[in-house]
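Okay, here's what each chain looks like letter by letter:
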Amino acid sequence: MRYLIWRLIWFAVALLGLSLLVFAALRILPGDVASVMAGTNATPARVAAIRSRMGLDRSYPQQYADWLGGLLHGNMGVSAISGRTVASQIGSHAAITLPLIVLSLLVALSIGIPMGCQAALAGSPRVRSVLHTIAIVGGAVPALWGGLLLIMLFGRGVGLIGILPSQGFPDAGWHAPRAALISLILPAITTGLVAGAGIMRYTRACLISMEDSDTVAMAMACGMTRRQAMLRVGLRLSAAQLVSVAGLTFAQMITGVMVVESLFNLPGLGAMLINDVGNRDLIAVQSELFLLAAFFLLLGLLVDLMHHALDPRLGERTQHVGGEEHA
Amino acid sequence: MNRTDMKDAMAQDVDVATRPQLATSGEILRVRDLSVQIADKTVLDDVTLDIGASERVGLIGASGSGKSMLVKAITGLLPRAARVGGDITMGGTRLQAGDDAAFAALRGRYVGLVFQNPGAALNPVLSVEQQVCLPLRLHYDLDAGERRDRVMTMLERVGLPASLAGSYPHELSGGQQQRVGIATALITSPRLIIADEPTTALDAIVQRSIIDLLVSLVESAGASMLFITHDFAVLSRATTRCMVIDRGRIIETGDTAALLHDPRQPQTRLLVNAAKTLTLNVNPEHHHA
Ligand SMILES: Nc1ncnc2c1ncn2[C@@H]1O[C@H](COP(=O)(O)OP(=O)(O)OP(=O)(O)O)[C@@H](O)[C@H]1O
Ligand SMILES: [Mg+2]
């Protein structure tokens, strides 16, 4: 409990630091949304008018306070370019990217972990080495290439067995859940296969490192077969590491899926960011960058909490003896 | 086996354990011409040995002579890459090398193992109670209450307070950890206990009490024991027969007292003399030939 409170406080502090960083960085970088909006031939007076309408003529501390206050209320302002609220803009794009990442991770885990176990435990050395090769080759395939291949195989209208849509997201979005989900299948498999190969390699490596451990030997001495001991004890003791790997994979996917989104023509967060940065849409970009980075911090938080849940050695009682561990 | 059969088997095991005088017939372990190669290196070479009911046998040998490998070969814990030849018969079952299921059926039920380093062997995510309970869970179909009773009784017998039942290994001292290891090995009243240098990871002061505990529990259960140790005082006190292993071969075997007194083989003599010097002069456990 004490750990949880400390970890949450630390998380809040990190968020605050992050917001400062994003705010400062965007004030230092060149580019002025007001002059972009006003157009190349605008008079300075017109630019100044736009600046003042957007609050950009106020002092930095004031701008920061306004922004932060808005964030806390879920109000991130209105995009200077599109005229939509930033929150709804992020929401509609995230509604594609986040489900895509979650699906991709599910694909990656449900392929990577069982195959990784097989690669470590299969009875025949031949099978083990074939699986290992698959993991290495699979992880080396560029997502773009794998995605193209999948489109050529399964893409509706273009593929050999054209059964799945490969371009775009339904206009109705998640109001048409079936169509929305189906349009994410090929992209999720593309990202998931590549990431799954990585998870497979980690799972295999974790299990192999447990093979000669005394803990697995003891489980066997209690009456488990080697396979049981590896799956019930070896895998369990690797769980914390695998959670870290899954967390990292998740984080990598946030940027990784952007390529895949553009290949499959999905209007996700990647398309939104590229668009807004290109337009120097300061108001939108600062909230978008902040939320994206905050999401990474949140992942870190979740991974840490899961570590604690998984390993009694990190529990409360050690903490009293061991003192501060989150200094 | 159905549920009642298992319960019967369990009851028998425990009954036999509490009536040591009945457990004196028959052969517990029989090993013939056991050879093990790992990566073309011969680690065991034509090992033949027998352990009878209620017999306690010592095994000594220099570091790297193959003591641990012998234990692993007997219990089916060798690395996968090992090539094994010869015969092992345990509890009336003739074991094929590689038949993991057959070995697993005996491990934790017919043969219990005590590890050298409990800190590394105990599962860090299991509480003391869960750990000690594991062999019961794997081999017998008992209800939770009965399991808990047996575990608590066992904890008491190894000298652990009931209050530690919910603790995790990292919260225990080395000596307490090895008591958990012993409790786990003995919880199913196995006929054979194998202990591979069970105290080398412990402080000198704790070593003696742990060894005494282990030997007295094995003795009162009427179980047989294969005991690997460098402590010759313990060896002569706890075992009646002793084998000497050198470079994977059993080179000498005989009455423990006689063997320690009057070793026949030059290798044994070296070993015994080194151990005696160390036992008399320095800390008894801190030698590795
Ligand atoms: N995984 C392995 N692969 C190959 N050879 C091994 C392996 N493990 C042990 N050996 C070899 O097997 C031989 C016997 O080792 P073992 O562990 O049985 O020695 P030991 O008698 O138990 O020694 P100690 O007293 O130090 O514990 C050694 O020569 C060792 O190098
Ligand atoms: Mg050894």
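Remember, predicted model here, so these are calculated numbers, not experimental data.

## Overview of the site of ligand 1
Residue and element names in this part refer to chain B.
No. 1: Around ligand 1 sit 13 residues, and of these Lys41, Ser63, Gly64, Lys67 and Ser68 come closest.
No. 2: Between ligand 1 and the protein, one listed contact pairs an oxygen atom with a backbone N or O atom of serine 65 at 3.3 Å.
No. 3: A distance of 2.8 Å is found between an oxygen atom of ligand 1 and a side-chain nitrogen or oxygen belonging to lysine 67.
No. 4: For the shell around ligand 1, the secondary-structure elements that each account for two or more residues are β2 (41-52) and α2 (67-75).
No. 5: Top element by residues in the shell around ligand 1 is α2. It accounts for three residues.
No. 6: Taken together, the residues of the shell around ligand 1 sort by class into four nonpolar, six polar and three charged.

## Observations regarding the sheet that holds strand β4 (residues 83-90) of chain B
All names here are of chain B.
No. 1: With antiparallel pairing, the four strands of this open sheet are ordered in space as β2-β1-β4-β5. Taken across any chain shown, the strands that pair with only one partner, and hence form the sheet edges, are β2 and β5 (93-95). Taken pair by pair, the neighbouring strands of this sheet meet at an average axis angle of 5°, ignoring direction.
No. 2: As paired strands, strand β1 (residues 27-38) and β4 are joined by seven bridges and run antiparallel to one another.

## A look at the pairing of strand β7 (residues 192-196) of chain B
All names here are of chain B.
No. 1: Extensive coverage of β7 is indicated by the burial of five of its five residues.
No. 2: Burial along β7 is two-sided: Leu192, Ile194 and Asp196 and Ile193 and Ala195, pointing in opposite directions, are all buried.
No. 3: In this sheet, β7 lies alongside strand β6 (residues 111-114) in parallel orientation, the contact comprising four bridges. Looking across to β7, one finds that valine 111 is bridged to leucine 192.

Calculation criteria
Residues numbered from 1 in each chain as written. Chains lettered and ligands numbered in written order. Predicted model: local features only at pLDDT ≥ 70, side-chain atom pairs only at ≥ 80, totals over all residues. Heavy atoms only, no water. Near = heavy atom within 4 Å. Polar contact = N/O pair within 3.5 Å; in protein donor to acceptor, adjacent residues only side chain to side chain. Helix = DSSP H or I, 4+ residues; strand = E, 2+ residues; numbered from the N terminus. Nonpolar A, V, L, I, M, F, W, Y, C, P; charged D, E, K, R; others polar. Pairing = 2+ DSSP bridges. Axes fitted to C-alpha atoms, helices over the stretch in contact; angles between N-to-C directions. Buried < 20%, exposed > 50% of the residue type's maximum accessible area, 1.4 Å probe, protein only.

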